[in-house]
Amino acid sequence: MTEGRPAAPQGRRISLPPGACDCHMHVFGPHGRFPLAEERSYTPPESTLARYRDAARALGLRRVVIVQPSVYGTDNRCLAAALQECGADARGVVAIDEFATDGTLDYLDRIGVRGIRLNAISNGRTDPGALAASLEATAGRIQDRGWHIQIYSDLGQIEAAAAAIAACPVPVVIDHFGSAKGALGTAQPGFQALLRLVGEGDAWVKLSGADRLSEDRAGYSDMAPLVHALRAANPHRLLWGSDWPHTPLHSRGPQKEPRVAAFRNVDDGGLLAALAAWLGSDEDFRRVLVANPARLYGFGEPKQ
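### Regarding the overall build of the protein chain
Line of reasoning, step 1. A tally of regular secondary structure across the protein chain gives 11 helices and 10 strands.
Line of reasoning, step 2. Over its C-alpha atoms the protein chain spans a radius of gyration of 18 Å, differing by no more than 12% from the 19 Å that the globule rule assigns to 304 residues.
Line of reasoning, step 3. With the C-alpha coordinates aligned to their principal axes, the bounding extent of the protein chain is approximately 45 × 40 × 40 Å.
Line of reasoning, step 4. Looking at the protein chain residue by residue over its 304 residues, the buried ones come to 58%.
Line of reasoning, step 5. Working note: accessible area of the protein chain is about 12,200 Å², and carbon and sulfur atoms make up 50% of it.
Line of reasoning, step 6. Within the protein chain, the 34 negative side-chain charges are centred at a point lying 4 Å from the centre of the 33 positive side-chain charges.

In C-alpha cells, the structure reads:
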C-alpha cells in the first residue's frame, strides 16, 4: 500500500502563537515495518511523519500529540518510532491491554507518552458500564505516572459514564467534541452532561473532528454554538487537534481485511481559521493552542 496524500495546507493561513500544539494526529506506516491489526474497522494508506511535519511547518504548528489509531490495536511501535524521531516537542497517547508490563509503561513514559486511549467508537463498544470499568482499571495502572485517559466515545456513553469520569483519579480527555453533531446544537441529548464535566474541571474536550461532525463543510459554522458553550463552561479545559491525515469515515467495530480507503481531503488551515472564529479572542486562541496543552502534556511554556 502506497503512501496516501493528505491535504496540504490551503488558502486560509492564519498566524499562530509560538508553541502552538496539534493535540490529535496519527501516523500510519510504513506498513511493511508496522503491520496493521488483522481485524480493524478500516485500512488506511501509509501517511508518514515526514509528510505531517511538512504540513505542520507550513501551518505554524510546533508541538504535536501523536495518538494511537485503532488500526494498530495495542501495538504502539509505529507511534513510538514517530515520538523518538520528534523529540521534546512531541507527546503520545497509546492503547494498552492487560498484558502491558510496568517495564513497557516505563519505556513509553521515557519517550514521551502521557496518556492511554480508550476507543469505544472504532472498536464498536457501546456499553457505558464497560467504559466505566475500563476507566477504573486504566486509572489504576497510570495514576502514579502523571498520565491521563483519553476517551473516543459518543454523548450517550459519556452521559451514562459521567459519574465514573468525574470520580476518575487521573485527568480525562474526550475526543472530537464527544461526537456532538453541529446541526443538533447544544440541546442534543448528552451535551449538557459534557458541559457539566468540563465546567467542573472533571474532563477536557478536544475541539477536533469538526470536518466529521459539521454539515457546513466550508466554515463549520454549526459547530460555533457548541464551542461557545464549552468555552463559557471552562476555557481551561479545551484543546485543539487537526485529526490529520483525516481517516475515512468507517463503520463501528472491527472487520476482516477491509478495503483500503483514501484519506478525506480536508483543509487544515481552514480548521484553524474556524477555531479562531469560534473562540473570538487572541487570549482564548492562545490558551487552547498553547497554554492548555503545555499544562496537560507537560510541555511547559514555549521559548519566545
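### A look at the pairing of strand β3 (residues 63-67)
Line of reasoning, step 1. Counting buried residues along β3, five of its five residues qualify, which places the element largely inside the surrounding structure.
Line of reasoning, step 2. By the alternation rule, side chains of β3 split into R63, V65 and V67 and V64 and I66, which are all buried.
Line of reasoning, step 3. The pairing of β3 with strand β4 (residues 90-94) spans four bridges and is parallel. If you follow V67 over to β4, its bridge partner there is V93.
Line of reasoning, step 4. For the handedness criterion, the β-α-β arrangement of β3, helix α2 (residues 77-86) and β4 is classed as right-handed.

### Quick word on the side chain of R237
Line of reasoning, step 1. Within the secondary structure, R237 is located in the loop between α9 (224-233) and β9 (238-239).
Line of reasoning, step 2. The side chain of R237 is buried and forms no salt bridge, while D202, the nearest opposite charge, is found at 7.6 Å.
Line of reasoning, step 3. Non-local contacts of R237, meaning those with residues more than four positions away in its chain, are made with V198, G201, A203, W204, V205, N292 and R295.

### Some details on the packing of helix α10 (residues 268-279) against helix α11 (residues 282-297)
Line of reasoning, step 1. Interhelical geometry of α10 versus α11 gives an angle of 130° and a closest axis separation of 8 Å. In terms of axis orientation, α10 runs oblique to α11. Judged by the sense of rotation from one axis to the other, the crossing of α10 with α11 is right-handed. Judged by residue contacts, L272, L275, A276 and L279 of α10 engage D284, F285, V288 and L289 from α11.

### Considering the sheet that holds strand β5 (residues 113-119)
Line of reasoning, step 1. The parallel open sheet is built from eight strands, whose spatial order is β1-β3-β4-β5-β6-β7-β8-β9. In this open sheet, the two edge strands, each paired with only one partner strand, are β1 (21-25) and β9.
Line of reasoning, step 2. Alignment of β4 against β5, held across three bridges, turns out to be parallel. Each residue of the ladder has a partner; that of V94, found in β5, is I116.
Line of reasoning, step 3. Sheet contacts for α2: β3, β4 and β5; angle to β4, the most-contacted strand, approximately 170°.

### Some points on the environment of T186
Line of reasoning, step 1. Here T186 shows up in the loop between β7 (172-174) and α7 (191-199).
Line of reasoning, step 2. Look at T186 and you get partly exposed, because its relative accessible area is 29%.
Line of reasoning, step 3. The sequence separation of T186 and D243 amounts to 57 residues, and the corresponding C-alpha distance is 23 Å.
Line of reasoning, step 4. With near-sequence residues (within four places) excluded, T186 lies in contact with F191, Q192, P225, L226 and A229.

The rules behind each value
- Residues numbered from 1 in each chain as written.
- Predicted model: local features only at pLDDT ≥ 70, side-chain atom pairs only at ≥ 80, totals over all residues.
- Heavy atoms only, no water.
- Helix = DSSP H or I, 4+ residues; strand = E, 2+ residues; numbered from the N terminus.
- Rg over C-alpha atoms; globule rule 2.2 N^0.38 Å.
- Buried < 20%, exposed > 50% of the residue type's maximum accessible area, 1.4 Å probe, protein only.
- Areas by Shrake-Rupley, 256 points an atom, 1.4 Å probe, with all protein chains shown as cover.
- Lys, Arg positive; Asp, Glu negative; His and termini not counted.
- Charge placed at Lys NZ, Arg CZ, Asp CG, Glu CD.
- Pairing = 2+ DSSP bridges.
- Right-handed = clockwise from strand over helix to strand, strands pointing away.
- Salt bridge = Lys/Arg side-chain N within 4 Å of Asp/Glu carboxyl O.
- Contact = heavy atoms within 4.5 Å.
- Axes fitted to C-alpha atoms, helices over the stretch in contact; angles between N-to-C directions.
- Parallel < 35°, antiparallel > 145°, perpendicular 65-115°, else oblique.
- Left-handed = near helix turned anticlockwise from the far one by under 90°.

Functional significance is not addressed by these values, which are geometric in nature.
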